Amino acid sequence: GPGNIAVGTNLQTEQEKDVALMGVWFRMSDKIQRLKNMVVLGSTNVHNESIEDSYKDLSNYSVICQIVKNGKWGG
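Quick notes on the rules
Residues numbered from 1 in each chain as written. Predicted model: local features only at pLDDT ≥ 70, side-chain atom pairs only at ≥ 80, totals over all residues. Heavy atoms only, no water. Helix = DSSP H or I, 4+ residues; strand = E, 2+ residues; numbered from the N terminus. Buried < 20%, exposed > 50% of the residue type's maximum accessible area, 1.4 Å probe, protein only. Areas by Shrake-Rupley, 256 points an atom, 1.4 Å probe, with all protein chains shown as cover. Phe/Tyr/Trp six-rings, centres within 6.5 Å; stacked < 30°, edge-to-face > 60°.

Colleague: Before we go on, may I ask you to explain the overall build of the chain in this structure?
Modeller: Scanning the chain from terminus to terminus reveals 3 helices and 0 strands. Going from N to C terminus, the chain has its helices and strands arranged as α-α-α. Projected onto its principal axes, the C-alpha coordinates of the chain cover approximately 45 × 15 × 15 Å. Out of the 75 residues in the chain, the part that is buried amounts to 24%. Approximately 5,300 Å² of the chain is accessible, and the part contributed by carbon and sulfur atoms is 51%.

Right under this line is the structure:
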C-alpha cells in the first residue's frame, strides 16, 4: 500500500524519495528473479503467479517509481 512505498515518511525530501525508490527497486529485483526462474529456468515452483502477471507487476512498479520521483505519491 501507499505506506509501504513511503516507508513511513511523507516523501518530502530527496532522501526520503530515494529510500522509497530503493524499496521499490528491491521489489522489482525480487520479481525479476522469479521471472528468471519461470522463463529461463522453466521452474514450476512459483505458485499463484503467472508470467503475464509478473510483467504487469513490473510495469506497475515502474509507474510507482515515476510517481514517487515526481513527488505525487500518496498526496
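Continuing now.
Colleague: Help me understand the side chain of Lys31, please; the structure alone is not making it clear to me.
Modeller: Take Lys31: it is sitting in helix 2 (residues 14-39). Judged by its relative accessible area of 6%, Lys31 is buried.

Colleague: Would you mind going over the environment of Ser59 with me for this structure?
Modeller: Mapped onto the elements, Ser59 comes out in helix 3 (residues 51-69). Judged by its relative accessible area of 41%, Ser59 is partly exposed.

Colleague: What should I look at first to understand the packing of aromatic side chains in this one?
Modeller: Two numbers describe a pair of aromatic rings. These are the distance of the centres and the angle of the planes. For the structure shown, the criterion picks out 1 aromatic pair. Here Trp25 and Phe26 contribute two aromatic rings whose centre-to-centre distance is 5.0 Å and whose plane-to-plane angle is 75 degrees, an arrangement assigned as edge-to-face. Judged by relative accessible area, Phe26 falls into the partly exposed class, the value being 45%.

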